[in-house]
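Structural overview
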Amino acid sequence: MDLIVTHTGADFDALASLVAARKLYPSARIAFLGTQEENIKQFLRDFGTRLKITGSRGIEREKIKRLIVVETSSVSRLGPFKNFFQDTALEIHIYDHHPPEKDIPAKKFVYKEVGATTTILTDILRRKKIKLTSLEATLFILGIYEDTGSLSFPSTTLSDRKAIRFLIRQGANLGLVTKYLSFPLNHDQVTILKDLVHSLETHYFHGLRVYIAKAASPKYVGDIAVLAHSLREMENLDAIFILVKMEDRIQLVARSQTRALDVGKVTRILGGGGHTTAASASIKEKNLDKARMKLISAVQSSIKIGKPKSGTIQPKKERPVLSLMKKRLPFELLKFFRTLGLLGDEVHMRIFLVGGFVRDLLLGVKDLDIDLVIEGDGILFAHKLSRIMGGKLHVHKKFKTAVVSVPNFKIDIATARTEYYERPGALPTVIPQSSIRADLSRRDFTINALAIQLNRRHFGHLIDYYGGERDLRQGKIRVLHNFSFIEDPTRIFRAVRFSERYNFSISPETRDLIKRAVRLELFESLSPERVRQELVAILNEENPIKAIKRMAELNELAYIHPSIKYGRHLHNLLIRLSSEIKSHRRCFSSDLLALWLIYFMAITHNLTMAELGEVLQKFIFSKKERSKLFRSHKAVSRLFKVLQKASISPARIYTLLHPLSLEEIIFLLARTKSKFAKKNINIYFKKLRYVRVDTTGHDLIKRGLKPGPHFSKILQKLLLDKLNSHPRKSLRNL
Ligand code: CTP
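Keep in mind that this is a model prediction, so the values were computed, not measured.

Looking at the side chain of His-561
- Inspection of the secondary structure assignment puts His-561 in the loop between helix H21 (545-553) and helix H22 (568-587).
- Every residue in contact with His-561, bar those within four places of it in the chain, is listed here: Leu-607, Glu-611, Glu-614 and Val-615.

Pasting the structure below:
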């Protein structure tokens, strides 16, 4: 039997590719692994049976002889089928438009750099003259439109456009296409969405989980119902209410997934109307808090009282990891941690090690960045610590953080903000949530949301509310909740960085959330400085090529510039670059290199000068960095022309290369294929750059010369003469 599969959390491109692939393998069965997207679920409710799309249950592995994988080449994304790949007898065919990942042993691999996998398959079907039904053509357009932003994304190619033209001719129903397609939010909607996310409150009404969120917009913004939809899609909840203040009114949009809460009834109490599951109201009120209170009491009086559902608060998890700490940490450091704990006891504050340090401790990776979270007053704690340890103290009052530098250690200290969490069942009862929990709940990934308590009685207790330890064991990058990337889009880059650093996979749900966040174009509202920091961090990792590829796959490179394409050319350049960097570091270990800058040169090298200008304008680079990037772009061809001559003099090599930074020269090395150019650059690295003249300005004065600008010319001439006095043969043999 032939089986066709795609990744978990399918989008329209994945769904369309499944159906298109079955046209090529007509006897194959499709195994659909589910989706989070509401519009796809709706499409399947409407047409799933007609298209014979079934789930993955009841498939007997022994019967499968051939597996056709579409829209991914990553084993980790194939849910229950990922184990099938150990079976070497299984024949695997892959169709994908993402740069290939090598972890699938495929017999056939069809990869094309186009906007959607559906485009690749449509093209094959067209060439094979295989007829399509109108419904199939419609679904295929949805697939291509979704992944190319209705042909507007920079990744769109001529083939995508051609495929659309062909599908329209095959009788696609464009009315249906618009019905199911979700369009990205505009800038104003994204701004409101972010405020909504930040203000989200969870309420429990007789066990129903209800979200209330509020935001204010200085101007009128249309179609805010789509925001309620976006929020509801991202979390599994019973109902959501959003209150948006615009002009002199407050707009309320409500969505419910349960008959127990009729949102139409709620909005009618507030002067609006609607159905059980979707309703809205325009409330004559200027104060958002007052509107919120009115809403809460309207919900209370509309709810059907049934048996309360149990709440979903995660159980608190604690586990001693002291023996691991003893094994992996230097004795001095452990002793220091005990001191911190005792000091915490003295001032009645709970003290925790958090974030990267805990993650790396559990992984067995050395990490000297110590981050502490204090339940209490972090600044007071920092003052006490610096007093007893005699260290330097820097305080940021506004953020309630401090840095203490004591001999051998630098410690970042933060104060856990106290937060309140509304308890299941009753309202408006409010119970305080422990601050460390609130602090951890705001972090990026489960593996970074771990803490170790240092107070004496709990010394060495690992706090893990979100399954971070399990994810470390399984090698997974997973967000804590579905709003994580909306809250902080830099995490889109961080996910890639951690996954490549530790060779972890990004969990399928998290990948889908990234894609969704990229589609919402959240980057545009980010400060370029923060994105720059994240990019620098990624490119400074030990081996950033996979990370760059992964960023391309997740469409993140478009944020640097939409014209950047990750194709074979860039891939090969990066490989050469990485090997040049390695060999340079082996030979000249004392050279300090800004690695990220060299990789950044490569990523941007195919841009036009004007485009590079846009990049430099968008991100904040130092003057030096800017000029290095510009020069590496501009001067290359002229330099190569001269450098590739065998007969070029040492002085000439020196004058060409000396004004350049090491980063630029290494970039040149990776770009040139000329043997002589490489040789000449090597001569410069090994010899010429160290040549100095013994004569100084003082010597010239002693000889009776009058000081002036001509001195530097004379000294330069002396240097060049000395360079040229090197016998060429000795240089050639370097
Ligand atoms: N963090 C976060 N969201 C971000 C940045 C940071 O939640 N956008 C949290 C994470 O819990 C992280 C901690 O802040 O562990 C510290 O951040 P940072 O120092 O940037 O990262 P580390 O995890 O320490 O990683 P690295 O080893 O690269 O320093």
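Topic: the packing of aromatic side chains
- Under the counting rule described, the total for this entry stands at 19 aromatic pairs.
- Centre to centre, the rings of Tyr-25 and Tyr-95 are 6.4 Å apart; their planes meet at 75°, and the pair counts as edge-to-face. Taken together, the residues Tyr-25 in the loop between helix H1 (12-24) and strand S2 (29-31) and Tyr-95 in strand S4 (residues 91-96) connect sequence positions 70 residues apart.
- Here Tyr-25 falls in the buried class, since its relative accessible area comes to 7%.
- Tyr-95 sits in the buried class, given a relative accessible area of 2%.
- Judged by centre distance (6.4 Å) and plane angle (0°), the ring pair of Phe-498 and Tyr-502 falls under stacked. In this pair, Phe-498 and Tyr-502 both sit in helix H18 (residues 491-502), four residues apart, roughly one turn of the helix.
- With relative accessibility at 14%, the residue Tyr-502 sits in the buried group.

Quick look at the domain arrangement of the chain
- The domain architecture assigned to the chain consists of domain 1 (2-181), domain 2 (187-302), domain 3 (313-474), domain 4 (485-628) and domain 5 (635-734).
- Contacts between domain 3 and domain 4 engage 12 residues on the former and nine residues on the latter.
- When domain 3 packs against domain 4, close to 760 Å² is buried across both sides, 63% of that on carbon and sulfur atoms.
- Counting the surface domain 3 buries against domain 4, the share from its top three residues, Arg-359, Asp-444 and Phe-445, is 51%.
- Connecting domain 3 to domain 4 are one salt bridge.
- At the junction of domain 3 with domain 4, the criterion picks out four residue pairs in polar contact (both at pLDDT 80 or more).
- Contributions of two or more residues to the side of domain 3 that touches domain 4 are made by helix H13 (356-363) and helix H16 (468-474).
- With three residues, the top contributor of residues to the side of domain 3 that touches domain 4 is H13.
- Here the side of domain 3 that touches domain 4 is built from residues that sort into five nonpolar, one polar and six charged.

Let's talk about the nonpolar core
- If you look at the biggest cluster of nonpolar residues, it comprises 121 residues, and the most contacted ones within it are Met-325, Phe-337, Leu-353, Leu-372 and Phe-381.
- Here this core takes nine residues from helix H23 (residues 595-604), the largest share from any one element.

Focus: the site of the ligand
- Surrounding the ligand, one finds 13 residues, the nearest of these being Arg-359, Asp-444, Asp-488, Arg-497 and Arg-501.
- Between Arg-443 and the ligand, the recorded distance is 3.0 Å, taken from a side-chain N or O atom to an oxygen atom.
- Arg-491 places a polar side-chain atom, nitrogen or oxygen, 3.2 Å from a nitrogen atom of the ligand.
- Burial of the ligand by the surrounding chains reaches 74%, relative to a free accessible area of 570 Å².
- Counting residues per element, the ones that place at least two in the shell around the ligand are H13 and H18.
- No other element matches the five residues that H18 contributes to the shell around the ligand.
- Taken domain by domain, the shell around the ligand gets at least three of its residues from each of domain 3 (313-474) and domain 4 (485-628).

Quick notes on the sheet that holds strand S9 (residues 249-256)
- Strand order in the open sheet formed by six strands is S6-S7-S8-S9-S11-S10, and the pairing between neighbours is mixed. Both outer strands of the open sheet, strand S6 (201-205) and strand S10 (273-274), are each paired with one neighbouring strand and no more.
- Sheet topology places S6 next to strand S7 (residues 208-217); five bridges connect them, and they run antiparallel. Its bridge partner lying in S7, Tyr-204 is registered against Arg-209.
- Here helix H7 (residues 187-199) sits on the sheet in contact with S6, S7 and strand S8 (239-246), set at roughly 135° to S7.

A word on the pattern of salt bridges
- Summed over all chains, the structure comprises 36 salt bridges.
- For Lys-63, the salt bridge is made with Glu-60, and the minimal N-O distance between the two is 3.6 Å.
- Looking at Lys-63, the relative accessible area reads 48%, which means it is partly exposed.
- In this structure, Arg-292 and Glu-201 form a salt bridge, with 2.8 Å as the shortest nitrogen-oxygen distance.

Cut-offs and rules
Residues numbered from 1 in each chain as written. Predicted model: local features only at pLDDT ≥ 70, side-chain atom pairs only at ≥ 80, totals over all residues. Heavy atoms only, no water. Helix = DSSP H or I, 4+ residues; strand = E, 2+ residues; numbered from the N terminus. Contact = heavy atoms within 4.5 Å. Phe/Tyr/Trp six-rings, centres within 6.5 Å; stacked < 30°, edge-to-face > 60°. Buried < 20%, exposed > 50% of the residue type's maximum accessible area, 1.4 Å probe, protein only. Domains from an automatic or database assignment. Buried area = accessible area lost by both parts, 1.4 Å probe. Salt bridge = Lys/Arg side-chain N within 4 Å of Asp/Glu carboxyl O. Polar contact = N/O pair within 3.5 Å; in protein donor to acceptor, adjacent residues only side chain to side chain. Nonpolar A, V, L, I, M, F, W, Y, C, P; charged D, E, K, R; others polar. Core = buried A, V, L, I, M, F, W, Y, C linked by side-chain atoms within 4.5 Å. Near = heavy atom within 4 Å. Areas by Shrake-Rupley, 256 points an atom, 1.4 Å probe, with all protein chains shown as cover. Pairing = 2+ DSSP bridges. Axes fitted to C-alpha atoms, helices over the stretch in contact; angles between N-to-C directions.

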